[in-house]
Amino acid sequence: MAKSRLDRVGFHALNGVGILATGVALAIVFNQNLIAYQNCGERPAGHACSDAGTSGSLALVALGGSAVLVAAFFLGRSRISRGKTGSWFSPAALGAVVILTLAGLGVVIFATR
């Protein structure tokens with residue numbers, strides 16, 4: 001059993017926050033993609049706009065963020081089932097989602113310059 005009920009509740013609450021954070025991160029990156037395409041439409045006709053920024057940034061945030069959250073969930077759950085503290089995996093996953101969001105924004109900004 002887990003060390004405490006509070007550890008188990010905190011673990012699941014932080015996982016829920018991580019899922020919401022990934023959704024917010026996707027919305028932020030998608031909004032930045034829309035702004036980049038609007039700016040691309042205002043450029044001269046000879047300037048070609050690439051879809052690389054959209055594909056790369058959204059995949060980075062969606063797939064990377066989901067993979068980090070799933071890994072943190074299973075690692076934390078296995079530690080909790082062995083009676084150890086496992087809730088520190090969730091804040092680490094939240095930090096990784098923030099880093100992936102910043103990387104996705106960087107891809108959008110540099111790919112659509």
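Before going into details, it helps to say that this report is about the structure given with it.

Right, let's get into the nonpolar core. The biggest cluster of nonpolar side chains holds 11 residues, and these are Ala 25, Val 29, Ala 36, Val 61, Leu 69, Ala 72, Phe 89, Ala 93, Val 97, Leu 105 and Val 108. Those elements giving two or more residues to this core turn out to be α1 (5-41), α2 (52-81) and α3 (89-111). Ranked by residue count, the leading element in this core is α3, at five residues. What Leu 105 contacts, discounting residues up to four positions off in sequence, is Ile 28, Val 29 and Gln 32.

To continue, consider the side chain of Asp 7. Of note, Asp 7 is situated in helix α1. One buried charged residue, Asp 7, forms no salt bridge at all, with the nearest opposite charge on Arg 8 at 7.4 Å.

Below, the discussion takes up α3. In a regular helix each residue adds 1.5 Å, so 23 residues correspond to 33 Å; α3 covers 32 Å between its end C-alpha atoms and thus fits that length. Among the residues making up α3, those that are buried are Phe 89, Ser 90, Ala 93, Leu 94, Val 97, Leu 100, Thr 101, Gly 104, Leu 105 and Val 108. Where α3 is buried, its residues meet α1 and α2.

Close contact between α1 and α2 brings their axes to 10 Å; oriented N to C, the two are set at 175°. Accordingly, the angle class assigned to the pair α1 and α2 is roughly antiparallel. Across the contact of α1 with α2, the residue classes break down as 14 nonpolar, 10 polar and three charged.

A word on the packing of aromatic side chains. Enumeration according to the criterion identifies three aromatic pairs in this entry. With centroids separated by 5.4 Å and ring planes inclined at 75°, the aromatic side chains of Phe 73 and Phe 74 adopt a geometry described as edge-to-face. Arranged with centres 4.2 Å apart and planes meeting at 25°, the rings of Trp 88 and Phe 89 form a pair that is stacked.

The rules behind these values
Along each chain, the written sequence defines residue order, and numbers are assigned to residues from 1. Since the coordinates come from a predicted model, pLDDT governs what is reported: local features require at least 70, and pairs of side-chain atoms require 80 or more to be given and counted, while whole-chain, interface and lining totals use all residues. Side-chain calculation: all heavy atoms of the structure are included, whereas hydrogens and water are not. Here, the term nonpolar core denotes a set of buried Ala, Val, Leu, Ile, Met, Phe, Trp, Tyr and Cys residues that are joined through side-chain atoms within 4.5 Å. Partly exposed residues are those whose accessible area sits between 20% and 50% of the maximum for their type, while under 20% is buried and over 50% is exposed, using a 1.4 Å probe and protein chains only. Secondary structure elements follow DSSP: runs of H or I no shorter than four residues count as helices, runs of E no shorter than two count as strands, and numbering proceeds from the N terminus. By definition in these notes, contact holds between two residues if any of their heavy atoms fall within 4.5 Å. Within this scheme the basic residues Lys and Arg register as positive and the acidic residues Asp and Glu register as negative, but His and the chain ends are omitted. Any carboxyl oxygen of Asp or Glu that lies within 4 Å of a side-chain nitrogen of Lys or Arg is treated as forming a salt bridge with it. A helix's residues, less one, multiplied by 1.5 Å, set its expected span. For helices, the fitted axis covers only the stretch in contact; all axes are lines through C-alpha atoms, and the angles between them, taken along N-to-C directions, range from 0 to 180 degrees. Every angle not falling under 35 degrees, over 145, or within 65 to 115 is termed oblique; those three ranges are roughly parallel, roughly antiparallel and roughly perpendicular. Classification convention: Asp, Glu, Lys, Arg as charged; Ala, Val, Leu, Ile, Met, Phe, Trp, Tyr, Cys, Pro as nonpolar; all other residues, Gly among them, as polar. Two aromatic rings from Phe, Tyr or Trp, using only the six-membered ring of Trp, form a pair when their centres are within 6.5 Å; if the ring planes differ by under 30 degrees the pair is stacked, by over 60 it is edge-to-face, and anything between is tilted.

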